[in-house]
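Listed below are the residues making up each chain.
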Amino acid sequence: MQYIPDHYLSEKPIPMELLPVNEGSGQSYGYVLYRTLIPSDSKMITVRGLKDYGLAMLDLKPVQRLSSFVKHSFLTPKSEPAGPGQAVLDILVENAGRVNYGALEVWKGINGSVEVDGVERKGWKIFSFEFKSSFVENIESGGMWLRTPAPANMGPALYKGTFTIPGEPRDTFADMEGWSKGLLFINGANLGRYWNMGPQRTLYVPAPVLKRGINKVMVFELHQPSSSQAITFRSSPILDRTNVTTPTTR
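A quick note: this is a predicted structure, and the numbers were derived from the prediction, not measured.

**Digging into the overall build of the chain**
What the chain contains, in helices and strands, is 1 helix and 19 strands. Scaling as 2.2 N^0.38, a compact globule of 250 residues should have a C-alpha radius of gyration of about 18 Å, and the chain matches this with 19 Å. In terms of overall dimensions, the chain has C-alpha extents of about 60 × 40 × 40 Å along its principal axes. In the chain, which comprises 250 residues, the proportion classed as buried is 43%. Within the structure as shown, the chain displays about 13700 Å² of accessible surface, and the carbon and sulfur contribution to it stands at 54%.

Below, the structure written as structure tokens:
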């Protein structure tokens, strides 16, 4: 648990910009995790004011993908209770980016309410995941990693590995085929987001990020890794592979 950021208590969900982090200036990028307890026999959850993309989990099991563009009410499956008559509701929200035109004051995270069976839920723990360099280095060097296959419908998880460059490193492109949605880090450098909806399937890896010998790679995957849990590298990018069959919600 030493790798999990400190949480903040709030009566209601608040957007990342209002979190008491970064010397009071709030959070600008990354992810926010909202956690609360709900009755284990709850039937309907409604999330209002979510931006930009989210994943709802019940007792750590993914139950619904959310975004700014779809309806946010969903039924809850039956789950094992976290306590007497209780279940843990987690909502992980991604800030997908910002614009420098139009309405600039756009709140990211949840800037609204979460209702359970029509009643607004109060009493939240909020975790800020900015994926700063120090956090990434701490995670990579930690000893909590497991060598195990990812089960179906895995949900958010971190994966790490290594690859070796025998000669002088050159610019290359990481091909994220088979992965779903997340972030890629190589040698601690954040190389950006990927999403299997496309059209961009590769991420640019500049030569200065790489080194001769062993290189470290880490992936933060929101949904499901590739079946091989491997990444291939290409000499040219793939920028036109739109996956129109990938659903936004589940």
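Right, picking up where we left off after that structure.
**Digging into the nonpolar core**
Tyr34, Ile45, Val47, Leu89, Ile91, Ile110 and Val114 are the most contacted members of the largest nonpolar core, which has 23 residues in total. Listing elements by their share of this core, those giving two or more residues are strand E2 (31-39), strand E3 (44-47), strand E5 (53-58), strand E6 (61-67), strand E8 (86-94), strand E10 (114-116) and strand E12 (124-129).

**Side note on the sheet that holds strand E15 (residues 181-186)**
Read from one edge of the open sheet, 4 strands run E13-E18-E15-E16, paired in antiparallel fashion. Whereas interior strands pair on both sides, the edge strands pair on one side only; in this sheet they are strand E13 (157-165) and strand E16 (189-195). Mean inter-strand twist for the sheet, computed between neighbouring axes without regard to direction, equals 20°. Inspection of the sheet shows E15 paired to E16 by 6 bridges, in the antiparallel sense. Paired with Gly182 across the strands is Tyr194, a residue of E16. Sitting on the sheet, helix H1 (residues 133-141) is in contact with E13, E15 and strand E18 (213-221), with an inclination near 105° to E18.

**Thoughts on the packing of aromatic side chains**
Evaluated as defined, the whole model comprises 10 aromatic pairs. Summarising the aromatic geometry, the rings of Tyr31 and Phe220 are spaced 5.1 Å apart at their centres and angled 85° between planes, so their arrangement reads as edge-to-face. With Tyr31 in strand E2 and Phe220 in strand E18, the pair connects residues that are 189 residues apart, well separated along the chain. We classify Tyr31 as buried; its relative accessible area is 2%. Measuring from centroid to centroid gives 4.9 Å for Phe163 and Phe233, while their planes differ by 45°, and the two rings are tilted. Here Phe233 lies in strand E19 (residues 232-234) and Phe163 lies in strand E13, a separation of 70 residues in the sequence.

**Points about unusual backbone geometry**
Note the cis peptide between Lys51 and Asp52, where omega equals 10°. Residue Pro199 follows Gly198 across a cis peptide bond; omega there is 5°. Relative to the assigned elements, Pro199 resides in the loop between E16 and strand E17 (202-205). Positive phi outside glycine occurs at Glu23, with the angle close to 55°. By the element assignment, Glu23 lies in the loop between strand E1 (7-10) and E2.

**Here's the deal with the side chain of Thr76**
Note on placement: Thr76 falls in the loop between strand E7 (73-75) and E8. Thr76 gets classed as buried once you look at its relative accessible area, which sits at 15%. At a separation of 2.4 Å, a polar atom in the side chain of Thr76 contacts the main-chain carbonyl oxygen of Ser42. Setting aside residues up to four positions removed in sequence, Thr76 forms contacts with Ser42, Lys43, Ile45 and Leu58.

**Here's the deal with the sheet that holds E3**
The strand order across the open sheet built from 4 strands is E7-E3-E10-E11, with neighbouring strands paired in antiparallel fashion. The strands lining the two open edges of the sheet, one partner per strand, are E7 and strand E11 (119-120). Two strands pair when backbone bridges link them, and E3 and E7 are joined in this way by 3 bridges, in the antiparallel orientation. Across the sheet, residue Ile45 finds its bridge partner in E7, namely Phe74.

**Focus on the layout of surface pockets**
In this approach the atoms are scanned with a rolling probe the size of a water molecule, which exposes any empty space left behind. Computed from the structure, the largest pocket encloses a volume of approximately 1500 Å³. Lining the largest pocket are 42 residues, with Trp145, Pro156, Ala157, Leu158 and Tyr159 sitting closest to its centre. Elements with a contribution of two residues or more to the lining of the largest pocket: E2, E8, E12, H1, E13 and E18. The leading source of residues in the lining of the largest pocket is E13, at 7 residues. A class-by-class count of the residues in the lining of the largest pocket yields 33 nonpolar, 5 polar and 4 charged.

Conventions used here
- Counting from 1, residues in each chain are numbered in the order their sequence is written.
- In keeping with the predicted nature of the model, local features appear solely for residues at pLDDT of at least 70, side-chain atom pairs appear and are counted solely at 80 or more, and the whole-chain, interface and lining totals rest on all residues.
- To obtain the side-chain values, all non-hydrogen atoms of the structure were used and water was disregarded.
- Strands are runs of DSSP state E lasting at least two residues, helices are runs of H or I lasting at least four, and both sets are numbered from the N terminus onward.
- Computation of the radius of gyration draws on C-alpha atoms alone. For the globule rule, the value is 2.2 Å times the number of residues to the power 0.38.
- Burial classes: relative accessible area under 20% of the type maximum marks a residue as buried, over 50% as exposed, and values in between as partly exposed (1.4 Å probe, protein chains only).
- Under the convention used here, a 1.4 Å probe and the Shrake-Rupley method define accessible areas, while residue burial counts only the protein chains that appear.
- Nonpolar cores are built from buried Ala, Val, Leu, Ile, Met, Phe, Trp, Tyr and Cys residues. Side-chain atoms within 4.5 Å join them into one set.
- In short, DSSP must find at least two bridges between two strands for them to pair.
- To obtain each axis, a line is fitted to C-alpha atoms, and for helices this fit is confined to the stretch in contact; angles are then taken between N-to-C directions over 0 to 180 degrees.
- Contact between two residues is taken to exist if any of their heavy atoms lie within 4.5 Å; hydrogens are not considered.
- Centre distance within 6.5 Å is the pairing criterion for rings of Phe, Tyr and Trp, where only the six-membered ring of Trp is used; planes under 30 degrees apart are then read as stacked, over 60 as edge-to-face, and the remainder as tilted.
- As used in this structure description, the phrase polar contact means that two N or O atoms lie within 3.5 Å; if the pair is within protein, one of them must be able to donate a hydrogen and the other to accept it, and residues adjacent in sequence are counted only when both atoms belong to side chains.
- Points on a 1 Å grid, built from protein atoms alone, make a cavity when a 1.4 Å probe fits but cannot get out and make a pocket when they are open with protein on both sides within 12 Å along at least 5 of 7 lines; residues with an atom within 4 Å of a point are the lining residues.
- Grid points are joined across faces, edges and corners, and a volume is the space filled by probe spheres set on the points.
- For this classification, Asp, Glu, Lys and Arg are treated as charged, while Ala, Val, Leu, Ile, Met, Phe, Trp, Tyr, Cys and Pro are nonpolar and the rest, including Gly, are polar.

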